Amino acid sequence: MMNLGILISGRGSNMEAILKAVKKQKIPVKPAIVISNNPNAVGLEIAQKLGVSTETVESRGFSGTRWEYDQRIIKILYKYGVTEKDGLVCLAGFMRIISPEFIRKYKNRILNIHPAILPSFPGLHSQRQAVEYGVKYSGCTVHFVDEGVDTGPIILQSIVPVRDNDTEETLSKRILAKEHRIYPQAIKLVAEGKVKIVGRRTVITNQDR
Ligand code: GRF
């Protein structure tokens, strides 16, 4: 069974959805640790209430390099068994770019959720970008993390309509509901060994969704 580490920065609603789904949907991972770069992240309390260990590695005021910061995170991941051999790391609203060294060390073992249909609207404020651009559909994407920003192989996507009167807030809410469904589904597929990476694509076997 894979040891699951979740990295957050704030609200932690995806983390909550993942942790609840792990219990209910029998996802074969052990929720090992939730790490935040922000000591005030609301998600930390939620994780504790759900019986999962938490740690904080404060990034504000950290003067070292990105890799030095990430090494602190990795040290904690190791402490809880989330290694490159036995671990899976899920970024869930973690508001930092992680270093190439971290990504290479945990090759194909780091997942992220992005609130747009990639490759549209990468980076920040994707929902606002979607409203301003005028697309009729947007959604969310779970993907493996590679060394680019929001560019790794896509595992699952889910779409929502964009309504004429949508604001960034209303669209974000509609997308978030889908995020909470597909992130646990994607973790389940990865944990069950059903996701094969072929070049920049993934191929999913025995899919029952
Ligand atoms: C989500 O919209 C996610 O797609 C993005 O950051 C937000 C995190 O929200 N990467 P939460 O902390 O999971 O509630």
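Relevant structure appears above.
As the structure is a prediction and not an experimental result, all values here were calculated from the model.

Colleague: Give me the lowdown on the overall build of the protein, citing residues and values where you can.
Modeller: For the protein, the count of helices and strands is six helices and nine strands. Computed over its C-alpha atoms, the radius of gyration of the protein comes to 16 Å, within 12% of the 17 Å expected for a compact globule of 209 residues. Dimensions of the protein, computed from the C-alpha atoms along their principal axes, are close to 50 × 45 × 35 Å. Out of the 209 residues belonging to the protein, those deemed buried represent 48%. In the protein, once contacts between residues fewer than 6 apart in sequence are set aside, the share between residues at least 24 apart is 64%.

Colleague: Which residues make up the pairing of strand 2 (residues 29–36), and what are the values?
Modeller: Counting buried positions along strand 2 yields six of eight residues, so the element is predominantly enclosed. Of the crossover connections in this fold, the one passing from strand 1 (residues 2–8) over helix 1 (residues 13–24) to the parallel strand 2 is right-handed. Pairing of strand 2 with strand 3 (residues 54–56) involves three bridges; the strand directions are parallel. Opposite Ile-35, over in strand 3, you have Glu-55 as the bridge partner. At this point the chain moves from strand 2, through helix 2 (residues 42–49), to the parallel strand 3, and the crossover so formed is right-handed.

Colleague: With reference to specific residues and values, describe the sheet that holds strand 6 (residues 137–144).
Modeller: Strands belonging to one sheet form pairs held by backbone hydrogen bonds; the direction of such a pair is parallel or antiparallel. Taken together, the seven strands give an open sheet; going across it, the order is 3-2-1-4-5-6-7, and neighbouring strands pair in mixed fashion. With partners counted over all chains shown, the strands left at the sheet margins are strand 3 and strand 7 (154–161), one partner each. Shown here is a sheet whose adjacent strand axes are inclined to one another by a mean of 20°, direction ignored. Pairing of strand 1 with strand 4 (residues 87–91), which is carried by five bridges, proceeds in the parallel orientation. For Leu-7, the partnering residue across the bridge sits in strand 4 and is Leu-91. Strands strand 1, strand 2, strand 4, strand 5 (110–114), strand 6 and strand 7 of the sheet are contacted by helix 6 (residues 168–191), whose axis makes an angle of about 155° with strand 7.

Colleague: Could you give an account of the pattern of salt bridges, with specific residues and numbers?
Modeller: All chains considered together, the criterion is met by nine salt bridges. Glu-84 serves as the salt-bridge partner of Lys-105, at 3.2 Å between the closest nitrogen and oxygen. A residue pair is termed long-range when its members are at least 10 positions apart, and Lys-105 in helix 4 (residues 100–105) and Glu-84 in the loop between helix 3 (66–79) and strand 4 qualify at 21 residues. Given a relative accessible area of 31%, Lys-105 falls into the partly exposed group.

Colleague: Outline the layout of surface pockets, listing residues and values.
Modeller: To find leftover empty space, one rolls a probe the size of a water molecule over the atoms. Considered as a void within the structure, the largest pocket measures approximately 1000 Å³ in volume. In terms of lining residues, the largest pocket is bounded by 38 residues, among which Gly-93, Phe-94, Met-95, Ile-113 and Leu-124 are the most central. Every element with two or more residues in the lining of the largest pocket is listed here: helix 1, helix 4, strand 5, helix 5 (126–133) and helix 6. A per-element tally of the lining of the largest pocket places helix 6 first, with four residues. Residues that form the lining of the largest pocket fall into these classes: 15 nonpolar, 16 polar and seven charged.

Colleague: Summarise helix 6; cite the residues concerned and give the values.
Modeller: Here helix 6 spans 33 Å end to end across 24 residues, near enough to the 34 Å set by a 1.5 Å rise per residue. Immediately beyond the C-terminal end of helix 6, within one or two residues, lies Gly-193, with a positive phi of roughly 75°.

Colleague: How would you summarise the packing of aromatic side chains if you had to cite specific residues and measurements?
Modeller: One pass over the full model with this rule turns up three aromatic pairs. A centroid spacing of 5.4 Å and a plane angle of 80° characterise the contact between Phe-102 and Tyr-106, whose relative ring orientation is edge-to-face. Residue classification places Phe-102 among the buried residues on the basis of a relative accessible area of 0%. Of note, Arg-96 hangs over the ring of Tyr-69, and the distance from its end group to the ring centre comes to 3.9 Å.

Colleague: Quick one: what's the story with the site of the ligand, residue by residue and with numbers?
Modeller: Every residue close to the ligand is listed here: Arg-11, Gly-12, Ser-13, Asn-14, Gly-93, Ile-113, Pro-115 and Glu-179. Here an oxygen atom of the ligand sits 2.5 Å away from a polar atom, N or O, in the side chain of Arg-11. Measuring from a nitrogen atom of the ligand, one finds a backbone N or O atom of Ile-113 at 3.1 Å. Bound to the protein, the ligand loses 85% of the 370 Å² it would expose on its own. When atom positions are compared with the pocket grids, the ligand is found to occupy the largest pocket. The residue makeup of the shell around the ligand, split by class, is two nonpolar, four polar and two charged.

Criteria and cut-off values
- Residues numbered from 1 in each chain as written.
- Predicted model: local features only at pLDDT ≥ 70, side-chain atom pairs only at ≥ 80, totals over all residues.
- Heavy atoms only, no water.
- Helix = DSSP H or I, 4+ residues; strand = E, 2+ residues; numbered from the N terminus.
- Rg over C-alpha atoms; globule rule 2.2 N^0.38 Å.
- Buried < 20%, exposed > 50% of the residue type's maximum accessible area, 1.4 Å probe, protein only.
- Contact = heavy atoms within 4.5 Å.
- Right-handed = clockwise from strand over helix to strand, strands pointing away.
- Pairing = 2+ DSSP bridges.
- Axes fitted to C-alpha atoms, helices over the stretch in contact; angles between N-to-C directions.
- Salt bridge = Lys/Arg side-chain N within 4 Å of Asp/Glu carboxyl O.
- 1 Å grid on protein atoms, 1.4 Å probe; cavity = no way out; pocket = protein on both sides within 12 Å on 5 of 7 lines; lining within 4 Å.
- Points joined across faces, edges and corners; volume = space filled by probe spheres on them.
- Nonpolar A, V, L, I, M, F, W, Y, C, P; charged D, E, K, R; others polar.
- Expected span 1.5 Å × (residues − 1).
- Phe/Tyr/Trp six-rings, centres within 6.5 Å; stacked < 30°, edge-to-face > 60°.
- Lys NZ or Arg CZ within 6 Å of the ring centre and 35° of its normal.
- Near = heavy atom within 4 Å.
- Polar contact = N/O pair within 3.5 Å; in protein donor to acceptor, adjacent residues only side chain to side chain.
- Areas by Shrake-Rupley, 256 points an atom, 1.4 Å probe, with all protein chains shown as cover.
- Sits in = over half its atoms within 2 Å of the grid points.

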